[in-house]
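# Secondary and tertiary structure notes
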Amino acid sequence: MNLQWMQSHRLILEKIIKFGNAYAEKYSKKGNFGTNIEFSPSQIQTFEYILDSEDRNEKMSVVARTLGISKSTFSKNVNFLVRNGMLDKYWLGNNRKDIYVKPTQKGKEI
């Protein structure tokens, strides 16, 4: 196998790999970030997006796709935020399949 191309780009590839591994390790570690609730960076990212796009009324599946995370990960993040009083889930009309979320007053304050 000829990996000559890799040798000529070794330094940048090592930095990209190191960054990717460091990011993956930190992505799920929780911290309180100045609150009394311990969040993971993934949960914060989810909440920040929902807070910023509150007026768009996007379905949960659309938000997950926009953030580039799986529906199950997004759902776990949302459920955590709902349990901690930061988000409310709701439906528009009779369609119970499409779930929407919005920040609560507590979530906005945090």
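Cut-offs applied
- Residues numbered from 1 in each chain as written.
- Predicted model: local features only at pLDDT ≥ 70, side-chain atom pairs only at ≥ 80, totals over all residues.
- Heavy atoms only, no water.
- Helix = DSSP H or I, 4+ residues; strand = E, 2+ residues; numbered from the N terminus.
- Expected span 1.5 Å × (residues − 1).
- Buried < 20%, exposed > 50% of the residue type's maximum accessible area, 1.4 Å probe, protein only.
- Arc of directions from axis to C-beta.
- Core = buried A, V, L, I, M, F, W, Y, C linked by side-chain atoms within 4.5 Å.
- Contact = heavy atoms within 4.5 Å.
- Phe/Tyr/Trp six-rings, centres within 6.5 Å; stacked < 30°, edge-to-face > 60°.
- Lys NZ or Arg CZ within 6 Å of the ring centre and 35° of its normal.
- Salt bridge = Lys/Arg side-chain N within 4 Å of Asp/Glu carboxyl O.

On to helix H3 (residues 41-52), then. The end-to-end C-alpha distance of H3 is 16 Å, a good match for the 16 Å that 12 residues give at a rise of 1.5 Å each. When we look at burial in H3, the residues that qualify are Ser42, Gln43, Thr46, Phe47, Tyr49 and Ile50. Buried residues of H3, viewed axially, fall in a sector of 160°; they line one side. Set apart from the buried face of H3 by more than 90 degrees, the exposed residues are Glu48 and Asp52.

Okay, the nonpolar core next. In this structure, Phe74, Val78, Leu81 and Leu87 are the most contacted members of the largest nonpolar core, which totals 18 residues. Put simply, the parts of the chain that give this core at least two residues each are H3, helix H4 (60-67) and helix H5 (71-83). Discounting residues that sit within four places of it in the chain, Val78 has contacts with Thr46, Ile50, Met60, Leu87, Lys89 and Val101.

Okay, the packing of aromatic side chains next. Tallied over the full model, the rule gives two aromatic pairs. Each ring, one from Phe39 and one from Phe80, has its centre 6.0 Å from the other, and the planes form 80°; the classification is edge-to-face. Of this pair, Phe39 sits in the loop between helix H2 (10-27) and H3 while Phe80 sits in helix H5, and the two are 41 residues apart along the sequence. The pair Phe39 / Phe80 is uniform in exposure class, with both members buried. Note that Lys102 overlies the ring of Tyr90, its terminal NZ or CZ placed 5.5 Å from the centroid.

Under the definition given, this model contains four salt bridges. Glu14 serves as the salt-bridge partner of Arg10, at 4.0 Å between the closest nitrogen and oxygen. In this pair, Arg10 and Glu14 both sit in helix H2, four residues apart, roughly one turn of the helix. Its salt-bridge partner being Glu54, residue Lys108 comes within 3.2 Å of it at the nearest N-O pair. One end of the pair, Lys108, is in helix H6 (residues 105-109); the other, Glu54, is in the loop between H3 and H4, and 54 residues separate them in sequence. On the basis of relative accessibility, which here comes to 30%, the residue Glu54 falls in the partly exposed class.

We now examine the environment of Leu51. Position of Leu51 relative to the elements: it lies in helix H3. Classification of Leu51 as partly exposed rests on a relative accessible area of 33%. Leu51 sits 38 residues away from Leu13 along the chain, and the two C-alpha atoms are 35 Å apart. For Leu51, the contacting residues outside a window of four places in its chain are Pro103 and Lys108.

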